[in-house]
Amino acid sequence: MQLTDDERRMRDGGDGDAVAAAMDLLIRYGEALGAEKLVDTRNVAGTMTQPSPAKAKLVQEGGWAKAYAVINLDSDADLDIPRMKVPTCQLQHGFAEDAEGLTGYGKQWIELQGDAESYFSEKGVNILATCTPYQVGNLPVRNEHIAWMESSAVVYANSVIGARTNCEGGASTGAASLTGKIPYWGNHLPENRHATHLLHADVPVETFQDWGMLGYYVGEVVQEARPAVTGMLGQPDLADLKHFGAATATSGGVELYHLPGITPEAPTLEAAFGGGRIPSSIAYGEAERRWVYDTLNGQGESTDVDFVLLGCPHASLDQIALVAGLLDGRKLPANTELWIMTPRALRTMADRNGYTRAITEAGGKVLTDSCPAMSKAAPPGTRVFATDSAKQAHYLPAILGIEAWFGTTQECVEAALSGTWRGELAA
Ligand code: F3S
């Protein structure tokens, strides 16, 4: 790998041992990937504060510096961790105090995470604590090289914002934070960003649910390739594209898609394919839509719903407002829970606008920082849950061994209010 003088200096310890370990990691990682060089980044989204038994053990042995060295720098050495060199944020992590007592999630993890927050915020990590950093202050610009983890955030950054990132890991983002460098490969290279497949929607795709279902189908078909999607597409908003991208990265591993006219580098279909050959299209019609619906609803038997989960990826303010409006003045039955997950900064605005009050007075909860899939915890005794998220419907049954229903936000709220899943039969 070709290194600049400054990169060589960092590798050789010019900025201390921790930075040298970070450079060593990036060089090994980049060489394994065939990267010829590193590229500068000033935007890292990783994870340092998420608690785990392994992390707890490392912290006991040598404090947070030890945990960072081992987990984020792949080093067993005793390192002094300096302040992050470039802007870095913490993505989603475990449940916070607002979820204490609501699940079997241990108080010790909430406390460990609080301790991590103190340590890492001192080091300059912005504790955004969300899978949607782009909703709360971390909004890169087109063509910016960034180093992000979290598949739903990566696909949004590449495809909606036009920034450039691969789906990084805890170690590569840890090393990027201390160096401002990331291997230049994959989605960072312009020639790797053109579409490879074409899908055409023959059914209208207009609602939040429609976009999630289309995304689930697209991911299933293209897996890790780069789809362009055309056809009967309405105008999506942020929540629609959040759902669409997360679904493509759930059934498949899509990191970049092209919606001509929306994806910044694809003003036209021709541009999406970089002026190259456009392949014949794969249809998304009534039968494909039905397949998605039946697949996501193939994990439910009992229609007695205990738990409704909304906000995956973390809800926008508009999504919270919608749920508040649907619940306003109504009451959940005692044996049904409704949670909506959102970034803490957006909950502050929801508090201010009265949305949180409307939801909590109805018996629901507006929770932050995490989600049941991430923290592997739901309300005690949950057997059947309903969600408006294709991603949660896909993952949560396997993670928690519970039944799942997938539908619209309105259907989910109705299920929470009645304790019964009626799906497409709901009002
Ligand atoms: Fe976010 Fe959890 Fe969904 S981290 S993308 S709400 S699975």
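Preceding block: the structure.
As the structure is a prediction and not an experimental result, all values here were calculated from the model. (Residues numbered from 1 in each chain as written. Predicted model: local features only at pLDDT ≥ 70, side-chain atom pairs only at ≥ 80, totals over all residues. Heavy atoms only, no water.)

Our next topic: the pairing of strand β8 (residues 227-233). As paired elements, strand β7 (residues 197-205) and β8 share six bridges and run parallel to each other. Note that in β8 the partner of Leu 198 across the bridge is Ala 228. As for the winding sense of the linkage, the β-α-β connection from β7 through helix α7 (residues 208-222) to β8 is right-handed. (Pairing = 2+ DSSP bridges. Helix = DSSP H or I, 4+ residues; strand = E, 2+ residues; numbered from the N terminus. Right-handed = clockwise from strand over helix to strand, strands pointing away.)

Here the focus is the nonpolar core. Counting 41 residues, the largest nonpolar core has Trp 148, Leu 214, Tyr 257 and Tyr 284 as the members making the most contacts within it. When contributions to this core are tallied by element, the ones reaching two or more residues are α5 (151-161), β7, α7, α8 (238-251), α10 (286-296) and α15 (390-400). Beyond its immediate stretch of four places on either side in the chain, Tyr 257 contacts Val 155, Ser 159, Val 160, Pro 227, Leu 241, Phe 244, Gly 245 and Thr 263. One finds Val 19, Val 39, Val 86 and Leu 112 within the second-largest nonpolar core, a separate group that totals 36 residues. (Core = buried A, V, L, I, M, F, W, Y, C linked by side-chain atoms within 4.5 Å. Buried < 20%, exposed > 50% of the residue type's maximum accessible area, 1.4 Å probe, protein only. Contact = heavy atoms within 4.5 Å.)

Bringing the site of the ligand into the picture now. Surrounding the ligand, one finds Gln 92, Cys 131, Glu 150, Ser 152, Gly 311, Cys 312, Pro 313, His 314, Cys 371, Lys 391 and Gln 392. Classifying every residue of the shell around the ligand by side-chain character gives four nonpolar, five polar and two charged. (Near = heavy atom within 4 Å. Nonpolar A, V, L, I, M, F, W, Y, C, P; charged D, E, K, R; others polar.)

Another point: α15. Of the residues making up α15, those classed as buried are Ala 390, Lys 391, Gln 392, Ala 393, Leu 396 and Pro 397. Where α15 starts, the residue carrying a side-chain oxygen 3.2 Å from the main-chain nitrogen of Lys 391 turns out to be Ser 389. Following α15 by one or two positions, Gly 401 adopts a phi angle in the positive range, close to 65 degrees. (Polar contact = N/O pair within 3.5 Å; in protein donor to acceptor, adjacent residues only side chain to side chain.)

Right, let's talk about the sheet that holds strand β11 (residues 337-342) for a bit. Whether parallel or antiparallel, the strands of a sheet pair through hydrogen bonds between backbone atoms. Read across the open sheet, the five strands follow the order β12-β11-β10-β13-β14; overall the sheet is parallel. Either end of the sheet is taken by a strand with one partner, and the two such strands are β12 (365-368) and β14 (403-406). Within the sheet, the average angular offset between the axes of one strand and its neighbour, ignoring direction, is 25 degrees. Sheet analysis places strand β10 (residues 307-310) next to strand β13 (residues 384-387), joined by three bridges and oriented parallel. Bridge assignment links Leu 309 to a residue of β13, and that residue is Thr 387. Those strands touched by helix α16 (residues 409-418) are β10, β11 and β13, and its axis lies near 150 degrees from that of β10. (Axes fitted to C-alpha atoms, helices over the stretch in contact; angles between N-to-C directions.)

Attention now goes to the environment of Met 23. In this fold, Met 23 is placed in helix α2 (residues 17-33). For the pair Met 23 and Thr 387, spaced 364 residues apart in sequence, the C-alpha to C-alpha distance is 42 Å. Excluding anything up to four places from it in sequence, Met 23 contacts Glu 7, Met 10, Arg 11, Leu 38, Thr 179 and Lys 181.

Spatial strand order, β4-β3-β2-β5: four strands in an open sheet with parallel pairing. Edge positions in the open sheet fall to β4 (125-126) and β5 (147-148), since each of these has one partner strand only. In this structure, strand β3 (residues 88-90) lies alongside β4, joined through two bridges in parallel fashion. Paired with Thr 88 across the bridge in β4 is Val 125.

A side chain of one charge can pair with a side chain of the opposite charge if their charged atoms are brought near each other. Inspection of every chain in the model, using the stated rule, returns 21 salt bridges. Put simply, Lys 57 and Glu 61 hold a salt bridge, and the shortest N to O gap is 3.4 Å. In this pair, Lys 57 and Glu 61 are both assigned in helix α3 (residues 53-73), four residues apart and thus about one turn of the helix distant. Given the relative accessible area of 53%, Lys 57 is considered exposed. (Salt bridge = Lys/Arg side-chain N within 4 Å of Asp/Glu carboxyl O.)

A few words on the packing of α8 against α15. Between α8 and α15, the least distance of the axes is 8 Å, while the angle of their chain directions is 35 degrees. Together, His 243, Ala 246, Ala 247, Ala 249 and Thr 250 of α8 and Ala 390, Lys 391, His 394 and Tyr 395 of α15 make up the contact between the two elements. A per-class count over the contact of α8 with α15 returns five nonpolar, three polar and one charged.

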